[in-house]
Amino acid sequence: MSDDTVVVWDETLLSYDLGDHPLDPVRVELTVALARELGVLGRPGVRLVEPKPADDELLVRVHEPAYLEAVRAAPQDPLYTGFGLGTPDNPVFSKMHEASALITGATVAAAEAVWQGTARRAVNVAGGLHHAMPDRAAGFCVYNDPAVAIAHLLDLGARRVAYVDVDVHHGDGVQQAFWDDPRVLTVSLHETPLALFPGTGFPDETGGAQAQGTAVNVPLPPGVEDAGWQRAFHAIVPSVLRAFQPEILVTQCGADAHRLDPLADLRLSVDGQRATYIALRALADELCAGRWVATGGGGYALVEVVPRAWTHLLAVATGEPLTPATLCPPAWRELAQVRRPGQEVPLRMTDDVNPSYESWQPSGEPNSVDRAIVAARKAVFPLLGLDPYDPRD
């Protein structure tokens, strides 16, 4: 296996543009620009790979043919509705099929590079459109690139694929795609569906009849900060991954759990997000011989958060994590001011938060985070042969 890291990138990925909409491609443009300015994309062993669009044969592994036809046809009709399209969340835009297929092809290329051993890790920051369903668009997502990439890995011979989703929203589309497939473990930490779209992701969603224990959901109460989020992550994710023993790890790294994100109510910092990426890489190293495919996802603080978070992700995937106190280069700050006039541009790659946490223990007076941890462990740990009350599991 090569020790290289593949970053799938081309400016054409910015064509996934929903117009006047929270999911603005400027966040991806600024991420790549910041990573370049900090030298992350020029590190030894980093290869930039140009994406190719996913063809219909790939897309129908997850999506229904009639839906693909609708996505192709919708831009020809300015009043089109149906299949979840033509809504405020999922407006129709020019060349929608082409842009969506390109993002999907980029994530498939990342997965293929890692599975075939031409890279140890691969990243598509433009990907992570995890809400798209087989027959409809949802949650700003037209085609579900993580699900298509996982289906492709299965076609290539993978027997156990783990998917971990740290977006603030439940990874519902990926969970749905593999609900009855025991070869795929889906793990999602998210704000409680009682308070946030898409309204799914409760602890008792544990997989279909043929795949009990392969869906893991950790819904967290609004207001959770780094310490609580890290406590929940480490109380659940390492245990279920070790029980499942995946051959490859696929992650959706939405940055919208940050405290500045305008669409949700968790309170994480960039420092906490950086710590999560380091933990995910360590789990891939421990369990999957380093095989890690990472995508972007949500994130709507377009200047203040997403570029810094995903530049940390790219740094962790390509080698040494960036020091949190690293300055944001002046040239990047100027570009950000041009692209988003009037928005505050961060000076450094840190929020000056220490993301340390206390490990979960099944004793003492539980707080709201501990109750969420216990609910998730009780629901799924026995199905994986684990003790929900043993902190060693």
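Residues numbered from 1 in each chain as written. Predicted model: local features only at pLDDT ≥ 70, side-chain atom pairs only at ≥ 80, totals over all residues. Heavy atoms only, no water.

(A) Spotlight on the environment of proline 78. Here proline 78 is to be found in the loop between α3 (65–73) and α4 (96–115). Separated by 75 residues in the primary sequence, proline 78 and leucine 153 have C-alpha atoms spaced 37 Å apart. (Helix = DSSP H or I, 4+ residues; strand = E, 2+ residues; numbered from the N terminus.)

(B) Looking closely at unusual backbone geometry. Residues phenylalanine 197 and proline 198 are joined by a peptide bond in cis, for which omega reads 5 degrees. Of note, the phi angle at glutamine 245 is positive, near 55 degrees, even though the residue is not glycine. Mapping glutamine 245 onto the fold places it in the loop between α7 (226–244) and β7 (248–252). Positioned with a positive phi, alanine 289 is a non-glycine residue whose angle comes to about 55 degrees. Structurally, alanine 289 is set in the loop between α8 (270–287) and β8 (292–295).

(C) Quick look at the side chain of asparagine 217. The residue asparagine 217 is located in strand β6 (residues 215–220) in this model. Of the polar contacts made by the side chain of asparagine 217, one reaches the side chain of glutamine 175; its length is 2.9 Å. Within the structure, the side chain of asparagine 217 is placed 3.0 Å from the backbone oxygen of glutamate 205, a separation counted as a polar contact. With near-sequence residues (within four places) excluded, asparagine 217 lies in contact with His170, Gln175, Ser188, His190, Gly201, Phe202, Pro203, Glu205 and Ala376. (Polar contact = N/O pair within 3.5 Å; in protein donor to acceptor, adjacent residues only side chain to side chain. Contact = heavy atoms within 4.5 Å.)

(D) Broad picture of the pattern of salt bridges. Taken as a whole and assessed by the stated rule, the structure comprises 14 salt bridges. The partner of aspartate 285 in a salt bridge is arginine 121, and the shortest N-O contact between them spans 3.9 Å. Note that aspartate 285 is positioned in helix α8 and arginine 121 in strand β3 (residues 121–124), a separation of 164 residues in sequence. By relative accessible area, which is 39% here, aspartate 285 ends up partly exposed. Between glutamate 286 and arginine 242 there is a salt bridge; the shortest N-O distance is 2.9 Å. One end of the pair, glutamate 286, is in helix α8; the other, arginine 242, is in helix α7, with 44 residues separating them in the sequence. Judged by relative accessible area, arginine 242 falls into the partly exposed class, the value being 41%. (Salt bridge = Lys/Arg side-chain N within 4 Å of Asp/Glu carboxyl O. Buried < 20%, exposed > 50% of the residue type's maximum accessible area, 1.4 Å probe, protein only.)

(E) Broad picture of the packing of aromatic side chains. Inspection of the entire model under this criterion finds 5 aromatic pairs. Aromatic side chains tryptophan 229 and phenylalanine 233 sit 5.7 Å apart centroid to centroid with 20 degrees between the ring planes, which places their arrangement in the stacked category. Taken together, the positions of tryptophan 229 and phenylalanine 233, both in helix α7 and 4 residues apart, correspond to about one turn of that helix. An identical accessibility class is assigned to tryptophan 229 and phenylalanine 233; each is buried. Linked through ring pairs, Tyr67, Phe83 and Tyr143 together constitute an aromatic cluster. (Phe/Tyr/Trp six-rings, centres within 6.5 Å; stacked < 30°, edge-to-face > 60°.)

(F) Representation of the sheet that holds strand β1 (residues 5–8) within the structure. Pairing within the open sheet is parallel, and its 8 strands lie in the order β2-β1-β3-β8-β7-β4-β5-β6. The open sheet has two edge strands with one neighbour each: β2 (46–49) and β6. Going across the sheet, the axis of each strand differs from the next one's by a mean of 15 degrees, ignoring polarity. Direction of pairing for β7 relative to β8: parallel, over a ladder of 4 bridges. Paired with threonine 251 across the strands is alanine 294, a residue of β8. Across the sheet, helix α5 (residues 145–155) is in contact with β4 (161–165), β5 (184–191), β7 and β8; its angle to β4 comes to roughly 165 degrees. (Pairing = 2+ DSSP bridges. Axes fitted to C-alpha atoms, helices over the stretch in contact; angles between N-to-C directions.)

(G) Looking closely at the side chain of arginine 377. Structurally, arginine 377 can be placed in helix α11 (residues 368–380). Buried charge without a partner: arginine 377 forms no salt bridge, and the closest opposite charge is aspartate 393, 6.1 Å away. Among the polar contacts made by the side chain of arginine 377, one reaches the main-chain carbonyl oxygen of alanine 235 at a distance of 2.7 Å. (Lys, Arg positive; Asp, Glu negative; His and termini not counted.)

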